[in-house]
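Chain by chain, the residues run as shown.
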Amino acid sequence: MGLTKQYLRYTASALFGVIASQKGNIVYVTLRGEKGRYVAVPACEHVFIWDTRKGEKVLILQGLKQEVTSLCPSPDGLHLAVGYEDGSIRVFSLLSGEGNVTFNGHKAAVMTLQYDQLGGRLVSGSKDTDVIVWDVINESGLYRLRGHKDAVTQALFLREKNLLVTSGKDTLVKWWDLDTQHCFKTLVGHRTEVWGLAFVSQEKRLITGAADSELRVWNITYIQEQATDPNEPESKKSKGSPAKAEETSEVDETSNLDETPEERLLKCNKAGSIMREGRDRVVTLATDRTGRFLACHGTDSVLEVFCVLTEGEICKKMQKKMRKAKKKAKQKSEEEEEEPEGSVEMSPQEEIQRVTSIKASAKIKSFDLILSPKGELKATLLLQNNTIESYILTPSAQVPQVVRASKITIGGHRSDVRTLAFSSDNIAILSAAAESVKIWNRSTLQCIRTMACEYALCSLFVPGDRQVIIGTKTGKLQLYDLASGSLLETFAAHDGALWSISLSPDQRGFITGGADKCVKFWEFELVKDENGTQKRLSMKQTRILQLDEDVLCVRYSPNQKLLAVSLLDCTVKIFYTDTLKFFLSLYGHKLPVLCMDITSDGALIATGSADRNVKIWGLDFGDCHRSLFAHDDSVMTLQFVHKSHLFFTAGKDHKIKQWDADKFEHIQTLEGHHQEVWCLALSPSGDYIVSSSHDKSLRLWERTREPLILEEEREMQREAEYEESVAKEEQPVVAGETQGETGLAGKKTIETVKAAERIMEAIELYREETAKLKEHQAICKAAGKEVPLPVNPILRAYGNISPSAYVLEVFKKVKSSELEESLLVLPFSYVPDLLVLFNEHIQRGSEVEFLCRALLFLLRIHFGRITSNQLLVTVIENLKKTTISKASEVRNVLGFNMAGLQFLKREIEAKDEVTFFADATDRFQEKRRKRKKKEKLVLAMV
C-alpha cells in the first residue's frame, strides 16, 4: 500500500465585518444593571451585544450553524431566548453568555418569541404554522397549538388571563384558551396578512398591523366566568366569526352567551382604525415595556411613534367633549332636553395620538423601544445596510424633538464586499464594497482604515503594502495611500467595468481587464508630488491588448512569460507576454469563466465557471486534465495555495471547497456562510483564508496542525447526512390519538433517538445483571458459602451502584425537553421493565416528580397495551398506591416550605417595618388614583 497524501485541516477562526444581520430583530437587554444602553442583535449564527454609547461589542453569544431569526429577552433581564432558522430555540444566560437550554420543536424558522409576564413560559411561532408553548423552568415543551394555515408572525400572552393571541400570514388573528388549549375565537376582519400585534390600554385594546396603511383597533371586553351547565361540552365555534368584513364594527352584541360559547371569555369588536403615513405593509409593530408608546414601520426608513393616553387623560378629554356637546345642544335648540351624555365617545385616533416620525438613514428592518426613568423614549433601529442607530425622543415637549444618540457603522460595510486582498506580510486584510474600502488587522479583527471609494470590483496591495489599488465598476483605477487614508490619484482605465487586476511577478506593474474588450498593461512610477517636494507613487499605461470579447479575468504566469485572459465567449485565451502573440485557447466551459488561477510552478491553470464546473488544464499543451463538478451554483472565485497544487473555490451555493489538482480530489468543505460567497483571498503563507458573502459577513479561516484523512472526512459527511435524514423522517404518533388542535411540543431529532438508545441499553444491562444475580444466588446456595460476584465495569465506573440505580442515572441524563420524544420512540418491550423500576424508585422517594412525569406519559401512549396485559395488573396496582402517596408527600413538603417562606417574609417585614416585596408607596398612590377616578366619574354623572 502506497503512502497516503496528508492534508491539513482549515477551521473557522473568526466572523467579522457584520454589525447586525437582517433576518432577526433588535432588542434592548439589561446588562451590568443598566437598561437602555445595550442592544442584542443577530449576527449570522451568533448574537452580538453592542454598547450603543461606546459603539463597542461587549458580548458574543455563540451559535452553532443556523442563522438567528428571532430574539426575546426575559422579563427579569437575565436571559435571552434566541430562535434559529432550523426551528430550534436556545435560552442564553446574559451573565455567563452560555446557552444552557435548547428546545427542538419547530420544523422551520422561528418567526416570533415571547415570554409571559413572570418569565416562566415562552411561546414560539414559526414558518411551519405551529405555535408551541414551552416551560422555561422545567426546560420542557408544554404543548403545540395548530390552527394557522400559514407562517405565524406574532404571538402575545395576556398578563391577567391565561390566554394567548397569535397572528399569521393566513390573515387570521386567533385567541387561544391555554387552560383548555383550544382556539376559542378567530378574528377574520383582515383582507391581507397580519404582520404585527400589540396590546395597549391595560390590554383592553388590541392593535393589528396588516399589509395596508391602516392599523386596526379592536375593543376587548372581558366577561367574568359564569356558571354554565356542566354537561354541556366546550365546543369551538366554527371558523365563521362575527367580524366577517372589515367594515363591520359591531360584533353581534345581542347574542346570548349560551348561544356562542366563544363569548364566555371575552368579546372583541372593531373600534376603528389609525392611518399610517406609510403606504406599504407593516414590518414591525410593537409597544415599549410600559405600553404607553406604540411604534411601527413599513419597508421604508420612517418609524412612526404614537402615544397611548392614560385613563386619567381620557377622562379629562371626555369632560371637555361633554362640555362642548352641552354648549352645542344649547345653541342648536332652545328646548330644555339635552343630548344624552352617552353619545360622547372617544375615537381611536384621539386615544392613540401620533407623536412624531423618526427618519432613519436607511430602510428599517426592526426596532425596539424603552422608556427611561427621565421620561425620554429611546428607540434603537436595526437598518438594512448593516447599521444600528439609536434615537432619543422627548414626548413631553410641546414639539417632540428627535435626536440621534449614536450610530454603529465602523465594524462593517454598508453593502456586499466584492473584493478582498491580503498584504504580503499576512497581517492586513483589504475589503472593498460599493461605498468604501476598509483595512482590517487580521489578528485583532479591528478596522484600522476606512476610505470612501466608488463601486469596487477588484483590488491589490502595491508591493511594500503602503498603497492599495481599487478597480471600479465605472472602469476607474483608484490609488490610495494607507498611512494618510487619502485618495492619491484616479485613472480612467477602461470604458466599461474593470473586472480583474493581476500584479506582475516582477512587481514592477500590473495588468487590468475590463468590459471594453481590452487588457491594459501598467507600470509603477515615481512622480513629483504637487503639494510637496517629495516623490510619490503613480502608474502609467504602457501597452494595450485588444480582444473580440469582454474580458472577465486576467492572470500572469509566475515566470511572466504567459498571460491568461478569460473572455465572455466561455473560452480562456493564453498569450505570450512579450510579443502578445496568441499561444493557446482553452475551451470546454458552457458558460463564461468567472475566475481562474495559475500554480506557483506554472504547470497548471484551473478555471471556474458559471456552469458550476472547475476545469484543470496543463499550461504546456492546453490539455484538460480533469473537469470537476464543484458547486451547486456558479463558481465565483478560485485561488491556489502558494507553492502547492491545492486550490480553493467558492460558489453561490454558500460553500467554500478545497481541492487537490494532482489527484483531482475534493478535500474539505468550509461551511459557515448563509448566502452567496462573492470572493475569497488566501494569505501569501497559505495559513489564512478570508471570504466575503451576501450575508454581509467576512469570515477568517485558519490552517491548523491537525491532519485531515479523506476516508474519515467522507464518513463524517455520511453521518451528518444520516442525522439530517432522521430529523426529516415522519414524526412518531401516539396510538389512538387523532391529530387535533394540540399536540406534543417536541420533535424527533437525532438527540432523542440517541437518548432512547441509551435507555434501551441501560434496561438490557439491568436485565443481564438481574439474571446474573439470580444465577449467583443459586451458585451460593449450592456451594453453601458466599461466592464473590463479578461487578460489571460500567456499574463500577458509577461507584458500584445497583443496576436499577444505573437505569435511573441514565434517565436523569435525558434532557427535560427531550424526555417525551425519547419515550415515544422507545419500543413497548422495554416498558414493563421500566414500570417495575419506576415503582421501586418511587417507593424509595427518589426523583418522584420526574418519574411521575415519565410514568404518566408512558401510560398515555401505551394505554391499550398496558391495560390488556395481565402480567402488568399487579405492577399498575402497586404503582397507583405508591405514586399517589409519594406525590402527596412531595406536595406536603412543598406546602410546608411555602408556608415557612411566607412566615419568614412576615417576620422580616415586621422587623424592618417596611414592605419587603412590594413597595407600599406604589400601593398607596394606586389607591388614591382609583379614588380620584371614582370621584371624577361621579362628578361627570352629576
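All values reported here derive from a predicted model rather than from experimental measurement.

Caption draft 1: Molecular detail of the overall build of the protein. Helices and strands together make up the secondary structure of the protein, namely 12 helices and 57 strands. In terms of overall dimensions, the protein has a C-alpha envelope of 115 × 100 × 60 Å along the principal axes. Burial status across the protein gives 51% buried among its 942 residues. Taking all contacts inside the protein whose residues are at least 6 apart in sequence as the whole, residues at least 24 apart take part in 50%. Accessible surface, the protein as shown: approximately 46400 Å² in total, 51% of it carbon and sulfur.

Caption draft 2: Here's a closer look at the state of the cysteines. For the structure shown, the criterion picks out zero disulfides. The thiol of C453 is not disulfide-bonded; the next cysteine sulfur, from C458, is found 11 Å away. Residue classification places C453 among the buried residues on the basis of a relative accessible area of 12%.

Caption draft 3: Structural view of the environment of A755. Examined against the element boundaries, A755 turns out to sit in helix α4 (residues 750-783). Taking C-alpha positions, A755 is 8.7 Å from V810, a pair spaced 55 residues apart along the chain. For A755, the residues in contact, after removing those within four places along its chain, are V814 and S822.

Caption draft 4: Representation of the nonpolar core within the structure. V807, F811, L823, L834, L835 and F838 are the most contacted members of the largest nonpolar core, which has 40 residues in total. At nine residues, helix α9 (residues 848-861) tops the list of elements feeding residues into this core. When near neighbours in sequence (up to four residues on either side) are disregarded, V807 contacts A762, I763, Y766, L834 and L837. Membership of the second largest hydrophobic core comes to 18 residues, among which are L303, A360, Y391 and L393.

Caption draft 5: Inspection of the pairing of strand β13 (residues 140-145) at higher detail. Within β13, five of the six residues are buried, leaving the element largely enclosed by the surrounding structure. Summarising the sheet, strand β12 (residues 131-135) and β13 pair through five bridges and their orientation is antiparallel. Bridge pairing in β13 links I132 to R144. Here β12 hands over to β13 after four residues, with E139 in that stretch at a positive phi of 55°.

Caption draft 6: Broad picture of the packing of aromatic side chains. This structure, assessed with the given rule, holds 14 aromatic pairs. Ring geometry for Y10 against F648: centres 4.9 Å apart, planes inclined by 85°, an arrangement best described as edge-to-face. Here the residue Y10 occupies a position in strand β1 (residues 7-16), and F648 occupies one in strand β51 (residues 646-651), the gap between them amounting to 638 residues. You can call Y10 buried: its relative accessible area is 3%. Given a relative accessible area of 0%, F648 falls into the buried group. Ring centres of F575 and F582 lie 5.9 Å apart, and the angle between their planes is 75°; on these two criteria the pair is classed as edge-to-face. A residue is classified by how much of its surface remains accessible, and F582, at 45% relative accessible area, is partly exposed. Site record: aromatic cluster; members linked through ring pairs are F491, F510, W522 and F524. Sitting above the plane of the W678 ring, R418 keeps its charged end 4.1 Å from the centroid. The aromatic ring of Y688 is capped on one face by R442, whose charged end is 3.9 Å from the ring centroid.

Rules and cut-offs
- Residues numbered from 1 in each chain as written.
- Predicted model: local features only at pLDDT ≥ 70, side-chain atom pairs only at ≥ 80, totals over all residues.
- Heavy atoms only, no water.
- Helix = DSSP H or I, 4+ residues; strand = E, 2+ residues; numbered from the N terminus.
- Buried < 20%, exposed > 50% of the residue type's maximum accessible area, 1.4 Å probe, protein only.
- Contact = heavy atoms within 4.5 Å.
- Areas by Shrake-Rupley, 256 points an atom, 1.4 Å probe, with all protein chains shown as cover.
- Disulfide = S-S within 2.5 Å.
- Core = buried A, V, L, I, M, F, W, Y, C linked by side-chain atoms within 4.5 Å.
- Pairing = 2+ DSSP bridges.
- Phe/Tyr/Trp six-rings, centres within 6.5 Å; stacked < 30°, edge-to-face > 60°.
- Lys NZ or Arg CZ within 6 Å of the ring centre and 35° of its normal.

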